Amino acid sequence: MANYLAQFQTIKNSCDHIVIAVEDVSDLWPNIKSGFEERVPIKRASLNNKTRNPVLVENFPCEFILTTDSRLRSRFPQEQSLFWFREPYATIVLVTCEDLDEFKTILKPRLKLIVQNDEKEWFIVFVSRAHPSNDNAVKMAKKVYAKLEVDFSTKRRERCCKYDIHGPEANFWDDLESKIMECVRNTLDRRVQFYEDEIRKLTEQRFMPVWNFCNFFILKESLAFMFEMAHLYEDALREYDELELCYLETVNMPGKQREFGGVDHGDDWAALLNHENKPLTQIVQDDSFREFEFRQYLFAYQSKLLFKLNRPFEVASRGHSFIIGFSKALTLHENMLPFCMREVWVITACLALINATASPNYDGLVATDIEKEFYRLKGDLYSLCRVKFMRLAYLIGYGADIEKSPVNSALLSMLTWPKPPVWPSVPLDASPEVLEKEKVILQATPKIKHFGIQRKPLPLEPSVLLREANRRRASLSAGNVFEVFDGRPALIDGSASDASSRTPLSKKMNVISMSRTNSSPGTFDGSVDRPMRLAEIYVAAEHALKHTISDADLWKALSSVEEFEQKYLELTKGAADNYHHSWWKRHGVVLDGEIAAVCFRHGNFDLAAKSYEKVCALYAGEGWQELLADVLPNLAECQKMLNDQAGYLASCVRLLSLDKGLFSTKERQAFQAEVLRLARSEMKDPVPLDVSSLITFSGNPGPPLELCDGDPGILSVTVWSGFPDDITLDSLSLTLTATFNADEGAKALRSSTATILKPGRNTITLALPPQRPGSYVLGVLTGQIGQLRFRSHSFSKGGPADSDDFMSYEKPTRPILKVFKPRPLVDLAAAISSALLINETQWVGVIVRPIDYSLKGASSAEMTNSNGTQKDCSLASIKEFQQLKLDNGRIEFPAWASDTDSVIWIPVRAISDRLPRGSSSVTPQKQSNLDGMRTIALKLEFGVSHNQIFERTVAVHFTDPFHVSTRVADKCNDGTLLLQVILHSQVKATLTIYDAWLELQDGFIHTGQGTGRPTSSFFPLMISPTSRAGIMFSIRLGKVIDKDEVEALQAESILNIRYGIYGERTNGAHPPVAMDGIETEDARQDLLFKSAIVLQRPVLDPCLAVGFLPLPSTGLRVGQLITMQWRVERLKGPEDNGISEHNGEVLYEVSANSENWMLAGRKRGHATLSTIQGSRIVISVLCVPLVAGYVRPPQLGLPNVEESNISCNPPGPHLVCVMPPALSSSFCIPP
């Protein structure tokens, strides 16, 4: 079966669609061919896949071929069964007949003979040529077609259809397509079953010696090709996948040594997408195929089917995996392949996949997540191609032009060197090239970064190329040449021939002179005279690659440094762009840094800076400080070249913010010098900059600073500086953020002087003005250095005091400041509540009670009082006493009184110009709470800066020592009146009366020749606190003065009392304060008290009696008219009448609530009352109750008679009961 490979390949190339055979019995095909071929391809077709599930196929292709065509000529039975996929899938039999007898005798037997083959799927198309105008011909055609259906159609399947040549029916084409697809479907199922049976038989023999993979391949690919022709691409792809798995099992079977392939010219150019690269007959080997070509052949067909399925993503995914796996296979056979065959093949394979999947026909056909993964795979392909390309460039001496970046170093240092059996030698005519390479090597100087940063360049090789090449060249070691050449130094410079004692020369010659199939390409001399120099290695590798690479574009990219950089940029940009469109955006940013390095090297600083900024942002965000330290100086240099002062300044600050171990102290000092130079000299405009990673701050360890509302303070903050040297800050401010209100704006605390920050830990203090109550945390630290306005919002953990670790980004939750809500900090209250002497200087005590708050400092108190004066005061506590000086109403607190309760004694004299007035039994004393009350306004200023102010008004009661009341104790027959003067003590002190005298008013005189004093034996009279004593005076009525002279005479009597007082100031009234403020116990102080007394003619009994007469016994009802009566009786005769009368008439007035009563009589008038003692009158008023309930009755008043001359007997009721009105029967309805 393997002999049919060439024919199988030819058939596949010529047959790519389903064939429909046309059996033209009546020579009708030329007339109807165009109509049939116009229906191709069939728009919608239904087929069964390998699992017998229906599949809808769009635009199903097929071709109509006559059975007499040479393409359908008979074949040998074996050939026919082997290539059964190219046989017709349906047979259309075209017939026509216009006579029923002709059909029975001629046409029917012939059709029976044609359709007798059971393996053939067929159906009959009857072509009617009867003209529609010829009814007989039309009827005959119908009869023939009916007979045809009876003879060839069955109940299970319709095998006939009718085509009118003059105008087919509308449903004919649908019927035709249905019957064609039914035949094709049945044929396809039958052939699939046949191939599966044959493949199963071969699979069972797979581990037998007679197993032949070529036979299995032909059957398997025939089945796959048949699926492909039927547009069942999924089934075809599955067959190729199974074929690949079976081949890999066959290749890896032990015991059989097969040729790998890949040694022909042009094999370095990957053909993984070109299935026509080599015919199968060229890659066949015994019973199988060479692995190098065949695996690419299978992948090419898989890719072809995936592209037809519009799945370029899967092509890229499978292609990437295939390249990785196939590269490992190339590594295993590297000693048999041309020099760097693996690297060249991977490069061309990646480029082929990239170009194939980059077609715009495939864009936008997948979901977003799959599309991103697709771009990621393309980025991987670009990246893989880029790495292999850099390896080739390094081998030919372009290593100095490759950026020694971390990503390039990581990729290339892990990529092994090529492993040919013998390293290529330098051609004889390549001396000029060697000299040129050596010149380039000697002229290459290591690049010094900006700021004088010197770093050991990162390696771009897994091991030293010089050692590896010489070791592979002839088992020599460039690192120990004396040992290799028996210690003869003459061999080192190449002046002697090879004299190695370890390996015979003949054996080396045999190795070197191996054919191209088993060794590296190129011409090698037959002896190894000395180790190769690095320039010679470059030249030898370049000539060997020239023989290996068949892709002109790839060799052009390696022909010069300029072409290499152009291709390098193309691959790097391709990888970066695809990574940017995928999930792996960080990979794209890293590769942008490689593009920036090339731009930077060529002076394109603008593009380089933009790319470097993205790379630095990525490294900073990920915390890769070592990588950032490698790239950030390049960005700074670009910004300096572009005169971007703000960016350059930010880069310098970021360099200072990196770990100290990444740069030396000298380099860090250079960074700081650049910052200061720019900030203080070169920049014209202020530049804001975030230095959060360089300057951090925190509150000091311990509890937060606690202040009361309104208190200022001193806030201590720890600041860590990352600068290597001291730095002076022109200004510094710190904001506090309230935690209790998100809308509360930050409050800035500013330093008034320049601040010097030393490296590491610094403690600064800031003046804290009064803040609103609540908790505060540190906000933002801002400041200015020249034109640099820096800002830091990073917080430190606040470690031990000796720690210099300032890099911490933990925002503290512990508040730095707590301001308590307004609360009483001090309390002022009067020390005593009892009354003091008025018009005398008294000590007023004020208790000063601190409430968990110290009054230490420049605390002061200011006091003003109403209607009083003040002098010096004293301060007393439980333990100490101190006299203070009063200055402009203010006193200064001593230090010992700041934390304890104390009493301030203030000498105050309440002044009152009003003469006290006594009372009588007729007009008793009327006390008022405001009498003698004085207020003292206290204002206490305390706190550190007198910011706390407490104001309180203290009420102090001042009073006279006595209250005087009088009464006539007795009236003698001779007109003498015994006047009793009662002295009521109004203070909590002992009063001693030394003398008393009474100055009588006009109309009264003392009896006898008295001086107005009582009996002297009464004195001294002592009155205890809140007690009373009485003094008797004997007076009588004097001469009455005319009214015209009354105004010039004394209208009141004056009582004079000389007294002394004994009391303690802690209890109340006490002796008056002396001028020097010192009291003496032995000194007697006589005080004088005066009180006015109004004397009237003595009235012992009332003159009139008013009685309320009883109400009727029937009671009171609302709306009922009643009479209210009062009886007025005179109790004294006209000589004792003290009331005002007008011709014996008395003025009366009746008052009542208008809402409760309606008065019908006279409310006010005069009633005649005789002046004879015992005379009576009755005053009556008609009234009507208006409301029911207990109401106050009307009252009778005598406006011209004092209340003392009226006796209510019997008194009127306080309330009377008024009944509701009686029910009325006027509105009742009789039952």
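All values derive from a computational prediction rather than experimental measurement. Residues take numbers from 1 onward in each chain, read along the sequence in its written order. Per-residue local features are limited, in this predicted model, to residues with pLDDT of at least 70; the limit for side-chain atom pairs, both in listing and counting, is 80 or more; totals at the level of whole chains, interfaces and linings are taken over all residues. Based on all heavy atoms of the structure, the side-chain values leave hydrogens and waters out of the count.

Considering the overall build of the protein chain
Line of reasoning, step 1. Counting from the N terminus, the helices are DSSP H or I runs at least four residues long and the strands are E runs at least two residues long. Assigned secondary structure in the protein chain consists of 26 helices and 52 strands.
Line of reasoning, step 2. The buried share of the protein chain, taken over its 1231 residues, is 47%.
Line of reasoning, step 3. Residue exposure ignores everything except the shown protein chains as possible cover, and the areas themselves are Shrake-Rupley values with a 1.4 Å probe. When the accessible area of the protein chain is evaluated, it comes to approximately 61400 Å², of which 51% is carbon and sulfur surface. Each residue's exposure class comes from its accessible area (1.4 Å probe, protein chains only) as a fraction of the maximum for that residue type: buried when under 20%, exposed when over 50%, partly exposed otherwise.

Overview of the nonpolar core
Line of reasoning, step 1. Take the buried residues of types Ala, Val, Leu, Ile, Met, Phe, Trp, Tyr and Cys, join any two whose side-chain atoms come within 4.5 Å, and each joined set is a nonpolar core. Judged by nonpolar contacts, the single largest core of 212 residues is most densely connected at F60, V125 and F217.
Line of reasoning, step 2. Throughout, a residue-residue contact means that at least one pair of heavy atoms, one from each residue, lies within 4.5 Å. Apart from the residues within four sequence positions on either side, F60 is in contact with I18, P41, I42, A45, L47, M181, V184 and A230.
Line of reasoning, step 3. Counting residues in each nonpolar core, the second largest holds 30 residues, with L977, F1004, I1031 and A1069 among its members.

Quick look at the sheet that holds strand 11 (residues 695–699)
Line of reasoning, step 1. Taken in spatial order, the 3 strands make up an open sheet running 11-13-18, and their pairing is antiparallel. Here the strands that pair on one side only, and so sit at the sheet edges, are strand 11 and strand 18 (760–768). For this sheet, the mean inter-axis angle between neighbouring strands, taken without regard to orientation, is 30°.
Line of reasoning, step 2. Pairing of strand 11 with strand 13 (residues 713–721), which is carried by 5 bridges, proceeds in the antiparallel orientation. For S698, the partnering residue across the bridge sits in strand 13 and is T718. DSSP bridges decide pairing: two strands pair if at least two such bridges lie between them. The convention used is that axes are lines fitted to C-alpha atoms, helices contributing only their stretch in contact, and that angles between N-to-C directions extend from 0 to 180 degrees.

Details of empty space enclosed by the protein
Line of reasoning, step 1. Definitions used throughout: a 1 Å grid over protein atoms alone; a cavity as a set of points that fits a 1.4 Å probe which cannot get out; a pocket as an open set with protein on both sides within 12 Å along at least five of seven lines; a lining residue as one with an atom within 4 Å of a point. Grid points are joined across faces, edges and corners, and a volume is the space filled by probe spheres set on the points. In total, this model carries 9 cavities of 30 Å³ or more according to the counting rule given.
Line of reasoning, step 2. Taken as a whole, the largest cavity encloses approximately 110 Å³ of empty space.
Line of reasoning, step 3. Looking at the largest cavity, it is lined by 13 residues, and the ones nearest its centre are A271, N277, K278, E293 and Q296.
Line of reasoning, step 4. At 4 residues, helix 10 (residues 291–308) tops the list of elements feeding residues into the lining of the largest cavity.

Digging into the sheet that holds strand 36 (residues 990–999)
Line of reasoning, step 1. As summarised here, the arrangement of the 4 strands in space is 38-36-40-41, forming an open sheet in which the pairing is antiparallel. What marks the edges here is a single partner per strand, and that holds for strand 38 (1021–1023) and strand 41 (1087–1093). For this sheet the average axis-to-axis angle between neighbouring strands, irrespective of direction, equals 35°.

So, the pattern of salt bridges
Line of reasoning, step 1. We define a salt bridge as a side-chain nitrogen of Lys or Arg found within 4 Å of a carboxyl oxygen belonging to Asp or Glu. Inspection of every chain in the model, using the stated rule, returns 50 salt bridges.
Line of reasoning, step 2. Close ionic contact of E177 with R39 constitutes a salt bridge, the shortest N to O distance being 3.5 Å. Of this pair, E177 sits in helix 6 (residues 172–204) while R39 sits in the loop between helix 2 (29–37) and strand 2 (42–48), and the two are 138 residues apart along the sequence.
Line of reasoning, step 3. Here E177 falls in the buried class, since its relative accessible area comes to 16%.

Description of a negative patch on the surface
Line of reasoning, step 1. A contiguous patch of negative charge on the surface is contributed by E98, D99, D101 and E102.
Line of reasoning, step 2. Tracing the backbone through its elements, the reader meets D101 in helix 4 (residues 100–114).
Line of reasoning, step 3. On the basis of relative accessibility, which here comes to 52%, the residue D101 falls in the exposed class. Patch rule: a residue counts if its relative accessible area is over 30% and it has no salt bridge; like charges are joined within 9 Å, and nonpolar side chains (Val, Leu, Ile, Met, Phe, Trp, Tyr) within 5 Å. Counted as positive: Lys and Arg. Counted as negative: Asp and Glu. His and the chain ends are not counted at all. Think of each charge as sitting on NZ of Lys, CZ of Arg, CG of Asp or CD of Glu.

Section: the side chain of K567
Line of reasoning, step 1. By secondary structure assignment, the location of K567 is in helix 21 (residues 561–580).
Line of reasoning, step 2. Leaving out residues up to four positions away in the same chain, K567 has contacts with L351, F389 and A557.

Topic: the confidence of the model for the protein chain
Line of reasoning, step 1. Each residue carries a pLDDT score, the predictor's own confidence in it, on a scale running from 0 to 100. Predicted confidence across the protein chain gives a mean pLDDT of 81, with 84% of residues reaching 70 or more.
Line of reasoning, step 2. Ranking the helices and strands of the protein chain by mean pLDDT puts helix 12 (residues 341–357) first, with 94, and helix 17 (residues 481–484) last, with 36.
Line of reasoning, step 3. Counted against residues more than four places away or in other chains, residues 475–528, with its pLDDT under 50, gives 85 contacts.
Line of reasoning, step 4. The model gives residues 797–812 a pLDDT under 50, and that stretch makes 37 contacts with residues more than four places away or in other chains.

Side note on the pairing of strand 36
Line of reasoning, step 1. Extensive coverage of strand 36 is indicated by the burial of 7 of its 10 residues.
Line of reasoning, step 2. Here 9 bridges tie strand 36 to strand 40 (residues 1053–1062), and the two strands are oriented antiparallel to one another. Pairing of D995 across the sheet is with R1058, part of strand 40.
Line of reasoning, step 3. When strand 36 meets strand 38, the two strands line up antiparallel, connected through 3 bridges. Looking across to strand 38, one finds that T992 is bridged to M1022.

Digging into unusual backbone geometry
The general pattern is negative phi for most residues beyond glycine and trans for most peptide bonds.
Line of reasoning, step 1. For the peptide bond that leads from V40 to P41, omega is -5°, which places it in the cis range.
Line of reasoning, step 2. Within the fold, P41 resides in the loop between helix 2 and strand 2.
Line of reasoning, step 3. Located in the positive-phi region is N643, a residue other than glycine, with phi close to 60°.
Line of reasoning, step 4. Under the relative-accessibility criterion, N643 is labelled exposed at 59%.
Line of reasoning, step 5. Here N839, not a glycine, exhibits a phi torsion of approximately 65°, which is positive.
Line of reasoning, step 6. In this structure, N839 sits in the loop between strand 23 (836–837) and strand 24 (841–850).
Line of reasoning, step 7. Residue N839 is classed as partly exposed on the basis of its relative accessible area, which comes to 23%.

Let's talk about the packing of helix 1 (residues 5–14) against helix 7 (residues 213–229)
Line of reasoning, step 1. Two elements in contact, helix 1 and helix 7, have axes whose closest approach is 11 Å; the angle formed by their N-to-C orientations is 10°. With respect to their mutual orientation, helix 1 and helix 7 come out roughly parallel. Residue-level inspection shows L5, F8 and K12 of helix 1 in contact with helix 7, the latter providing C214, F217, I218, E221, S222 and F225.
Line of reasoning, step 2. When residues are sorted by character, Ala, Val, Leu, Ile, Met, Phe, Trp, Tyr, Cys and Pro go into the nonpolar class, Asp, Glu, Lys and Arg into the charged class, and all the rest, Gly among them, into the polar class. Across the contact of helix 1 with helix 7, the residue classes break down as 6 nonpolar, 1 polar and 2 charged. Here the angle decides the label: under 35 degrees means roughly parallel, over 145 means roughly antiparallel, 65 to 115 means roughly perpendicular, and every other value means oblique.

Details of the environment of P1072
Line of reasoning, step 1. Note that P1072 resides in the loop between strand 40 and strand 41.
Line of reasoning, step 2. Each C-alpha atom, one on P1072 and one on E840, is 5.7 Å from the other, the two residues being 232 residues apart in sequence.
Line of reasoning, step 3. Setting aside its immediate chain neighbours within four residues, P1072 contacts E840, T841, Q842, I1061, Q1085 and L1087.

Thoughts on the packing of aromatic side chains
Line of reasoning, step 1. The criterion for an aromatic pair is that two Phe, Tyr or Trp rings (for Trp, the six-membered ring) have centres within 6.5 Å, with stacked assigned to planes under 30 degrees apart, edge-to-face to planes over 60 apart and tilted to the rest. Taken as a whole and assessed by the stated rule, the structure comprises 46 aromatic pairs.
Line of reasoning, step 2. Seen from their ring centres, F663 and F671 are 5.1 Å apart, and the 85° between their planes marks the pair as edge-to-face. You'll find F663 and F671 in the same group, each marked buried.
Line of reasoning, step 3. Put simply, the rings of F213, F216, F217, Y240, Y247, F289, F294, Y297 and Y301 pair up and form one aromatic cluster.
Line of reasoning, step 4. Placement of a charge over a ring requires the Lys NZ or Arg CZ to be within 6 Å of the ring centre, with the centre-to-atom vector within 35 degrees of the ring normal. Across the ring face of W583, the terminal group of K372 is positioned such that the distance to the ring centre comes to 5.3 Å.
Line of reasoning, step 5. One residue, R1065, lies across the ring of W843, its end atom 4.9 Å from the ring centre.

Side note on helix 13 (residues 368–395)
Line of reasoning, step 1. The end-to-end C-alpha distance of helix 13, which contains 28 residues, comes to 41 Å, matching closely the 40 Å that a straight helix rising 1.5 Å per residue would cover.
Line of reasoning, step 2. Counting buried positions over the 28 residues of helix 13 gives 22, a clear majority of the element.
Line of reasoning, step 3. Backbone geometry just downstream of helix 13 places G397 in the positive-phi region, at approximately 100°. Residue count minus one, scaled by 1.5 Å, sets the expected span of a helix.

Brief notes about the state of the cysteines
Working definition: the covalent bond between the sulfur atoms of two cysteines is a disulfide.
Line of reasoning, step 1. A pair of cysteine sulfur atoms is labelled a disulfide when the two atoms are within 2.5 Å. Under the definition given, this model contains 0 disulfides.
Line of reasoning, step 2. This cysteine, C160, is not joined by any disulfide, and C161 carries the nearest cysteine sulfur, 7.7 Å off.

Let's talk about the packing of helix 4 against helix 5 (residues 135–152)
Line of reasoning, step 1. The N-to-C vectors of helix 4 and helix 5 enclose an angle of 35°; their axes lie 11 Å apart at closest approach. For the crossing formed where helix 4 meets helix 5, the hand is right-handed. The residues of helix 5 that touch helix 4, namely those facing L100, F103, K104, K108, L111 and K112, are M140, K143, V144, K147, L148, D151 and F152.
Line of reasoning, step 2. When its residues are assigned to classes, the contact of helix 4 with helix 5 shows 7 nonpolar, no polar and 6 charged. In a left-handed crossing the near helix is turned counterclockwise from the far helix by less than a right angle, and in a right-handed crossing that turn is clockwise.

Some points on the environment of M683
Line of reasoning, step 1. Relative to the assigned elements, M683 resides in the loop between helix 26 (665–682) and strand 10 (687–690).
Line of reasoning, step 2. Relative accessible area serves as the criterion here: at 5%, M683 is assigned to the buried category.
Line of reasoning, step 3. Each C-alpha atom, one on M683 and one on G786, is 8.8 Å from the other, the two residues being 103 residues apart in sequence.
Line of reasoning, step 4. Those residues in contact with M683 that lie beyond four places of it in its chain are Q645, L649, L678, Q787 and L788.

Details of the side chain of T91
Line of reasoning, step 1. With respect to the helices and strands, the residue T91 is situated in strand 5 (residues 90–95).
Line of reasoning, step 2. Sequence-distant contacts of T91, that is, excluding residues within four places in its chain, are made with A21, E23, K120, E121, W122 and F123.

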